[in-house]
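Structure at a glance
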Amino acid sequence: MRNVYLVTALAVVLLVSVLGLRGTVFTAPPMDVFPEWAFPGMKRQSKYKPQASSKLFADGRADRPLPAGVVAANYGPLGRPLQSDSHLLSGKLADGSFARGFPESIEVNRQFLEQGRERYSIYCAPCHGALGDGNGITKSYGMGATPTYHDERLREIAEGEILNTILHGKGNMLSYADKLTIEESWAVIAYVRALQLAQHASPADVPAAHKPSLGIK
Amino acid sequence: MSKLFPKSANKLPLQIVIYLFVLGGIATAGVSYYMTPSYTRIGYAPTQPVPFSHALHAGQLGLDCRYCHVGVDKGPASTIPTAQTCMNCHNQVKLDSPLLAVVRESYETGDPVPWVKVHQVPDYVYFNHSAHITRGVSCVECHGRVDQMDTVTHAKSLSMSFCLDCHRNPEAAVRPLDKVTDLAWEHPEGKAGQLRDGAKFVHDWNVKPPQSCSGCHR
């Protein structure tokens, strides 16, 4: 009987030394405890998940790119049907010039600006900087000259042209249309306007009630 | 008549039963230690086609997780970024790096970079990223300190009990919405403060994590 226990102990030691302990870093595909060949169709079902691969299509992608000329049905603000407000969707007026001001369907309020600040901090601040002065973190890693928002030209630029830049990029800046929905883009534009206002204000712009606490006469 | 069995054979049935119990104990311990995701998945760090460092991009540069993983607060999937996302900066930074050749090729041809998926739940699990992100459950709860990883490593088990631990006690994990992608954030007052504020968020935001089967399986 003693021998049986000895063999068992040896087997356990062998098993532990082969399998190792939890938390060891490894690069090989993880062990499958209930493999597909034994239990087919449960863990790996015959369906496509987002960004999955497919053997059916020549390019190997399950997500199909849009055929040329097709407009996605949910294009535009999230959850709204296709609409033709060119000011909202492209920042341009019917005659092709850039629109000034915000589209009718957009209401600029505190909540909208907060949304703009959040999106700006995520997608724009890395290059344009938290203040919009072009001094983002990427500058110290070799990104070229990112313009400041606080010069005459960009203070006067039409809102529609800012949207156009977000949608299609400009110079070294690529399109952010895949990252910001149209509504979010307009929220960012509103926040950019707020940044410009903040950096180009005079003492006269401070409401009278706040002047004493800021030491402004 | 000579004895067929020695006297010690009288104890054998009992010894066999005891041994079977010992063997059963070892088997139970082995299965629960080795056949669960805590062993099979934690530590998985596949070699990726591009040696992208989250420690550099998310940690050192402080890029928000959502800069690249755009879909994470909009839908079920936390999308892997397009090559264009990389090119937003790498059309100017490290322009000629051979490590980025795969990304440049992907950008030009439109063929995806063959990233290796690290976190993979079974197909019968319907996990929705946005439902968690927009209700104050941070990325770090399931993915660990990715902002400190040079190579993404599977940090949490993502087993069903892992999910249920949190679904039963959401107040221990729910945090202010502006701290969701701040992986280093911890409640300044420690655990007691987290539980107090977490309970408040759970109430205010009407967080009701499902514990029924169909909450996550269908």
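Residues numbered from 1 in each chain as written. Chains lettered and ligands numbered in written order. Predicted model: local features only at pLDDT ≥ 70, side-chain atom pairs only at ≥ 80, totals over all residues. Heavy atoms only, no water.

Thoughts on the overall build of chain A
How we decide: Here a helix means four or more residues in a row that DSSP labels H or I, a strand means two or more in a row labelled E, and each is numbered from the N terminus. A radius of gyration in this sense is built from C-alpha atoms; the matching globule rule multiplies 2.2 Å by the number of residues raised to 0.38. The classification of residues rests on relative accessible area computed with a 1.4 Å probe and restricted to protein chains. Under 20% of the type maximum is buried, over 50% is exposed, and intermediate values are partly exposed. In this description, contact between two residues means that some pair of their heavy atoms is separated by no more than 4.5 Å.
A tally of regular secondary structure across chain A gives seven helices and zero strands. When the helices and strands of chain A are listed from N to C terminus, the series reads α-α-α-α-α-α-α. For a compact globule of 217 residues, the expected C-alpha radius of gyration is about 17 Å, and chain A comes in at 28 Å, more than 25% above that figure. Judged by the C-alpha coordinates and their principal axes, chain A covers about 95 × 55 × 35 Å. Expressed as a percentage of its 217 residues, the buried residues of chain A come to 32%. Across chain A, the fraction of contacts at a sequence separation of at least 24, relative to all contacts at a separation of at least 6, is 44%.

Considering the packing of aromatic side chains
We apply this condition: For this analysis, a ring pair means two rings from Phe, Tyr or Trp (six-membered ring only for Trp) whose centres lie within 6.5 Å, classed as stacked if their planes differ by under 30 degrees, edge-to-face if by over 60, and tilted for the remaining angles. Counting as a charge over the ring demands two things of the Lys NZ or Arg CZ atom: a distance within 6 Å of the ring centre and an angle within 35 degrees of the ring normal.
A full pass over the atoms with the stated rule returns eleven aromatic pairs over all chains. Between A:Tyr5 and B:Tyr19, the ring centres sit 5.3 Å apart and the planes meet at 85°, which makes this aromatic pair edge-to-face. Of this pair, A:Tyr5 sits in helix H1 (residues 2–19) while B:Tyr19 sits in helix H1 (residues 12–34), each in a different chain. An aromatic cluster is defined as three or more aromatic residues linked by ring pairs; in this entry it consists of A:Tyr120, A:Tyr149 and A:Tyr191. Between the NZ or CZ atom of A:Arg22 and the centre of the ring of B:Tyr33, over which it lies, the distance is 4.7 Å. In this arrangement the basic side chain of A:Lys179 is found over the ring face of A:Tyr176, its NZ or CZ atom lying 5.8 Å from the centre.

Overview of the nonpolar core
Just so we agree on the cut-off: Residues enter a nonpolar core if they are buried and are Ala, Val, Leu, Ile, Met, Phe, Trp, Tyr or Cys, with the set joined through side-chain atoms within 4.5 Å.
With 30 residues, the main nonpolar core has A:Tyr120, A:Tyr123, A:Ile166, A:Trp186 and A:Val188 as its most contacted residues. Within the residue set of this core, elements represented by two or more residues are helix H2 (86–90), helix H3 (110–128), helix H5 (159–168) and helix H6 (182–199) of chain A together with helix H4 (65–68) of chain B. The dominant element in this core, judged by the number of residues it contributes, is H6(A), at nine residues. Once you skip the residues sitting within four places of it in the chain, A:Tyr123 turns out to touch A:Tyr176, A:Lys179, A:Leu180, B:Arg66, B:Tyr67 and B:Val70.

Describing the pattern of salt bridges
Worth spelling out the cut-off: Any Lys or Arg side-chain nitrogen found within 4 Å of a carboxyl oxygen on Asp or Glu counts as a salt bridge.
Taken as a whole and judged by the stated rule, the model has 21 salt bridges over all chains. The salt bridge involving A:Asp59 is made with A:Arg64; its shortest N-O contact spans 2.9 Å. A salt bridge links B:Arg66 to B:Asp64; its shortest N-O distance comes to 2.9 Å. Classification of B:Asp64 by relative accessible area gives buried; the value is 17%.

Points about the UniProt feature "domain: Cytochrome c" (unreviewed entry) in chain A
For the record, the criterion: UniProt positions are given in the numbering used here, feature names are shortened, and annotations may be inferred rather than shown by experiment.
According to UniProt, the feature "domain: Cytochrome c" (unreviewed entry) maps to residues 111–196 of chain A in the numbering used here. The annotated region residues 111–196 of chain A carries 56% helix and 0% strand content, and the separation between its end C-alpha atoms amounts to 19 Å.

Side note on the confidence of the model for chain A
It should be kept in mind that the predicted coordinates are not to be read in detail where pLDDT is low. Here is the rule we go by: The predictor reports its confidence for every residue as pLDDT, a score running from 0 up to 100.
Across chain A, pLDDT averages 88, with 94% of residues at or above 70. Helix H7 (residues 211–214) of chain A is the least confidently modelled element of chain A, averaging 84 in pLDDT, while H3(A) averages 96, the highest of any element.

Looking at unusual backbone geometry
Note on backbone geometry: most residues besides glycine have negative phi, and most peptide bonds are trans. All names here are of chain B. Within the chain, Lys94 stands out as a residue other than glycine whose phi angle is a positive 50°. For Lys94, the location among the structural elements is in the loop between helix H5 (83–90) and helix H6 (101–109). On the basis of relative accessible area, Lys94 is assigned to the exposed category, the value being 58%. At Leu158, a position not held by glycine, the phi torsion is positive, near 55°.

Remarks on the UniProt feature "transmembrane region" (unreviewed entry) in chain B
Per the UniProt record, "transmembrane region" (unreviewed entry) is annotated on residues 12–35 of chain B. End C-alpha to end C-alpha, residues 12–35 of chain B measures 33 Å, and it is 96% helix and 0% strand.

Details of the UniProt feature "binding site: heme c" (unreviewed entry) in chain B
Residue and element names in this part refer to chain B. Selection rule: Between N or O atoms, a polar contact is any pair within 3.5 Å; within protein, one atom must be a potential hydrogen donor and the other a potential acceptor, and residues adjacent in sequence are included only when both atoms are from side chains.
Taking the UniProt record as the reference, the feature "binding site: heme c" (unreviewed entry) is found at His129, His132, Cys139, Cys142 and His143. Here His132 is to be found in helix H7 (residues 129–133). Within the secondary structure, His143 sits in helix H8 (residues 140–143). Other than its neighbours up to four places away in sequence, His143 contacts His119, His129, Met149 and Ala155. In terms of polar contacts, His143 uses its side chain to reach the side chain of His119, at 3.4 Å.

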